[in-house]
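These are the residues of each chain, in order.
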Amino acid sequence: MEKKQKELLIIMPAYNEAGNIENVLDKLEAPEIASIADLLVMNDASSDNTNWIVKKRKHALVTHVFNLGYGGALQLGYKYAIRREYKYVIQMDADGQHDVCNIPVIYKKLKEADANGCCPDIVLGSRFLKESSVFRVSAAKMAAYHIFRKVIKLATGRYIADPTTGLQGLSRRAVLHYSKYRNFDDKYPDANMIIQMLLLGFNIEEIPAVMHSRVLGKSMHSGFKPFLYMFRMTFSIFAVIYRIKVLKWDSVE
């Protein structure tokens, strides 16, 4: 008997996460999570056993023939969510850093209307709010976060405590926008996408989150990648601001 589709889809990109993903799947399969959400794993051409681990657990799985990058994997997941008519999406990492206890909290926040009757389009799970769990990062990363906070504030007038969080909840409206060509960064969708969505009038809320440090495997920001990331992110942020504020190219249907 085919199980009934939920209104919430969890999208989890995974690249060589065989050492971490089983533990994450154990927690996602707990009744308190499985009862409210379906799971889609985006296997980004992993060379380890990530693909087979997920297949064995019988979760929805998309395996890329070539590595598309983090943003590319997410955007393909958004297209899946739109085609399957999910109302909400929560994206989380497969490395165990995003505690599954955040999922019901983000889901609830997505459905919570403000004084004007409007629900959030995007809910950011933050590592750096007062009520967030303790999460230690290097001085270099903290400096980068500080720069991104300043840029977001200057560009949009909003203060975002965690401008690079990968733990996010999205309304169907936000997912639909992200799923379209040119609307989402295929490599590093971080502060650039927050600026884009704020400038386009999407409602973004930030809530405290519980997160953990990576135990096994390599981060996508290891080695020389942080330098490439900072260069690309800086260029992307200015391109987003110029495109929306000067050229007036972007629009929301």
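Above this note sits the structure.
Per chain, residues are indexed from 1 in the order of the written sequence. Side-chain atom pairs in this predicted model are given and counted only at pLDDT of 80 or more, local residue features only at pLDDT of at least 70, and totals for whole chains, interfaces and linings cover all residues. Values shown for side chains rest on all heavy atoms present in the structure; no hydrogens or waters enter the calculation.

S.K.: Explanation requested: the pattern of salt bridges in the structure shown.
M.R.: Between side chains of opposite charge, a pair can form when the charged atoms approach closely. In what follows, salt bridge is the name for a side-chain nitrogen of Lys or Arg lying within 4 Å of a carboxyl oxygen of Asp or Glu. Tallied over the entire structure, the rule returns ten salt bridges. Among the salt bridges present, the one from K6 reaches D38, with a minimum N-O distance of 3.5 Å. A residue pair is termed long-range when its members are at least 10 positions apart, and K6 in the segment before β1 (8–14) and D38 in strand β2 (residues 37–43) qualify at 32 residues. Across the pair, exposure class does not vary: K6 and D38 are buried alike. The partner of R127 in a salt bridge is D162, with the nearest N and O atoms 2.7 Å apart. Of the two residues, R127 sits in the loop between β5 (122–126) and α6 (139–156) while D162 sits in the loop between α6 and β6 (168–171), which places them 35 residues apart along the sequence. Under the scheme used here, helices are H or I runs from DSSP no shorter than 4 residues and strands are E runs no shorter than 2 residues, and both carry numbers assigned from the N terminus. Burial classes: relative accessible area under 20% of the type maximum marks a residue as buried, over 50% as exposed, and values in between as partly exposed (1.4 Å probe, protein chains only).

S.K.: In this structure, what is going on with the side chain of Q97? I would like to understand it.
M.R.: Checked against the element boundaries, Q97 lands in the loop between β4 (88–91) and α5 (102–110). Take Q97: its relative accessible area is 18%, and that puts it in the buried class. Here a polar contact means two N or O atoms within 3.5 Å. Within protein one must be a hydrogen donor candidate and the other an acceptor candidate, and residues neighboring in sequence count only if both atoms are side-chain atoms. A distance of 2.8 Å separates the side chain of Q97 from the side chain of D95, its partner in a polar contact.

S.K.: It is not clear to me how the packing of aromatic side chains should be interpreted in this structure. Could you clarify?
M.R.: Two numbers describe a pair of aromatic rings. These are the distance of the centres and the angle of the planes. Two rings belonging to Phe, Tyr or Trp (six-membered ring only in the last case) form a pair when the distance between their centres is within 6.5 Å. Interplanar angles under 30 degrees mark stacking, angles over 60 mark edge-to-face geometry, and anything in between is tilted. Taken as a whole and assessed by the stated rule, the structure comprises seven aromatic pairs. Between Y78 and F184, the ring centres sit 5.2 Å apart and the planes meet at 80°, which makes this aromatic pair edge-to-face. One end of the pair, Y78, is in helix α4 (residues 70–83); the other, F184, is in the loop between α7 (172–178) and α8 (191–199), with 106 residues separating them in the sequence. Side by side, Y78 and F184 carry an identical accessibility label, which is buried. Ring pairs connect the aromatic residues Y78, Y178 and F184, which therefore count as one cluster. Geometrically, a lysine NZ or arginine CZ counts as sitting over a ring once it is within 6 Å of the ring centre and also within 35 degrees of the ring normal. Note that R173 overlies the ring of F202, its terminal NZ or CZ placed 4.3 Å from the centroid.

S.K.: What's the story with the nonpolar core in this structure? I'm lost.
M.R.: In globular proteins that are soluble, nonpolar side chains generally tend to be buried together. Buried Ala, Val, Leu, Ile, Met, Phe, Trp, Tyr and Cys residues that are joined via side-chain atoms within 4.5 Å together make up what is termed a nonpolar core. Counting residues in hydrophobic clusters, the biggest one holds 40 residues, and the most contacted among them are I11, Y78, V89, I122, L170 and Y178. Counting residues per element, the ones that place at least two in this core are β1, β2, α4, β5, α6, α7, α8 and α9 (225–246). When checking whether two residues touch, look at their non-hydrogen atoms; a contact exists if any pair is within 4.5 Å. In contact with L170, not counting residues within four places along its chain, are Y78, K87, Y88, V89, Q91, L110, D121, I122, V175 and Y178.

S.K.: I tried to follow the state of the cysteines on my own but got confused; where do I start?
M.R.: Here a disulfide denotes a covalent bond joining the sulfur atom of one cysteine to the sulfur atom of another. Disulfides are defined in this document as cysteine sulfur pairs within 2.5 Å. Within this structure, the stated rule accounts for zero disulfides. C119 carries a free sulfur, and the closest cysteine sulfur to it, the one in C118, is 7.8 Å from it. For C119, a relative accessible area of 32% puts it in the partly exposed group.

S.K.: Help me out: how do you make sense of the packing of α8 against α9 in this one?
M.R.: In this analysis an axis means a line fitted to C-alpha atoms, helices contributing only their contacting stretch, and an angle means the value between N-to-C directions, from 0 to 180 degrees. At a closest axis distance of 9 Å, the pairing of α8 and α9 adopts a crossing angle of 10°. The angle between α8 and α9 places the two elements in the roughly parallel class. Residue-level contacts link A191, N192, I195, Q196 and L199 of α8 to M233, S236, I237, V240, I241, R243, I244 and K245 of α9. Under this scheme an angle from 65 to 115 degrees is roughly perpendicular, one under 35 degrees roughly parallel, and one over 145 degrees roughly antiparallel; angles in between are oblique.

S.K.: Sorry if this is basic, but what is going on with a nonpolar patch on the surface here?
M.R.: Patch construction takes residues with relative accessible area above 30% that form no salt bridge. Like charges are linked within 9 Å, and nonpolar side chains (Val, Leu, Ile, Met, Phe, Trp, Tyr) are linked within 5 Å. Areas reported as accessible are Shrake-Rupley estimates using a 1.4 Å probe. Residue values count occlusion only from the protein chains shown. Nonpolar side chains collect at one region of the surface, where Y242, V246, L247 and W249 lie side by side and expose about 420 Å² of accessible area between them. Along the chain, W249 turns up in the segment after α9. You can call W249 exposed: its relative accessible area is 52%.

Any functional reading would require information beyond the geometric quantities listed.
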